[in-house]
Amino acid sequence: MACKINAPKCLKYAQKGFTLIETMVLIALLAILTAIAVPSFKDMMINSRLEGRAREYVAHINWARSLAVSKNEAVNLHIATGESSSCYVIFLGQINDCSCNADGAVCTTPGNDLLVIVLPHSDGVRVSARTGSATIRINPAQGTISPTLMAIFTADSGKVIHNISNIFGRTRSCTPTEASFGFRIC
């Protein structure tokens, strides 16, 4: 007697899972998709960190300007790049009173450092000034900056963001390669 399609006797030996070949094909497809996605995900994370650090710097320099005006005291910003990290420090006092390194700020007068940001090179993002290291002074009367400064944020992926502070204290961000992260081309 022939089985009807949904007869209980015929369903007794029906397939109830995946075959070994089907499972192997699925695993191979997942491995290929993962191999494609992981490198681009890593670049996305580094680029996101780059954008965040560049925007954070703009917020810090704006904070330093408002602090200088509200305290009626000159505020300074120093950028330095070393072998294992790069950093910037916002501080009070004379223009040469503080510098920064991998360990943080080094100030001649303790307590003058207001904010220290250290970027280990292992994080994939570096900051530098166009001239290597630079110190600027924010005038308390008008919030102006002297001299002008270009802080360059660079990611291991090759992406670059320039934060350019003009003499009036305004900072604009741009990228020299292609418009990305919502920044214009410099």
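Going by the structure above, here's the rest.
Residues numbered from 1 in each chain as written. Predicted model: local features only at pLDDT ≥ 70, side-chain atom pairs only at ≥ 80, totals over all residues. Heavy atoms only, no water.

### Focus: the state of the cysteines
Next up, step 1: Using the criterion set out here, one finds 3 disulfides in the structure.
Next up, step 2: Each sulfur in the disulfide pair Cys-87 and Cys-100 lies 2.1 Å from the other. A torsion of 95 degrees about the S-S bond marks the disulfide between Cys-87 and Cys-100 as right-handed. You can see Cys-87 sitting in strand S2 (residues 85-92) and its partner Cys-100 sitting in strand S3 (residues 98-101), a full 13 residues away along the chain.
Next up, step 3: What makes Cys-87 buried here is its relative accessible area of 2%.
Next up, step 4: Judged by relative accessible area, Cys-100 falls into the buried class, the value being 8%.
Next up, step 5: The disulfide that involves Cys-174 links it to Cys-186, with 1.8 Å between the sulfurs. (Disulfide = S-S within 2.5 Å. Helix = DSSP H or I, 4+ residues; strand = E, 2+ residues; numbered from the N terminus. Buried < 20%, exposed > 50% of the residue type's maximum accessible area, 1.4 Å probe, protein only.)

### Quick look at the packing of aromatic side chains
Next up, step 1: Enumeration over the complete set of coordinates arrives at 2 aromatic pairs.
Next up, step 2: Taking 5.3 Å as the distance between ring centres and 85 degrees as the angle between the ring planes, the aromatic pair formed by Tyr-57 and Tyr-88 counts as edge-to-face. Separated by 31 residues along the polypeptide, Tyr-57 in helix H2 (residues 20-71) and Tyr-88 in strand S2 bring together distant segments of the chain.
Next up, step 3: Of the residues examined, Tyr-88 reaches a relative accessible area of 1% and is grouped as buried.
Next up, step 4: Every member of this aromatic cluster is reached through a ring pair, and the members are Tyr-57, Tyr-88 and Phe-153. (Phe/Tyr/Trp six-rings, centres within 6.5 Å; stacked < 30°, edge-to-face > 60°.)

### So, unusual backbone geometry
Backbone geometry follows two general trends: most residues other than glycine have a negative phi, and most peptide bonds adopt the trans configuration.
Next up, step 1: At the junction of Ser-146 and Pro-147, the peptide bond is cis and its omega measures out at -15 degrees in the coordinates.
Next up, step 2: With respect to the secondary-structure elements, Pro-147 resides in the loop between strand S8 (145-146) and strand S9 (149-155).
Next up, step 3: A positive phi angle is found at Asn-72, which is not glycine, with a value near 55 degrees.
Next up, step 4: Residue position: Asn-72 is located in the loop between H2 and strand S1 (75-81).

The analysis is restricted to geometry; functional conclusions fall outside its scope.
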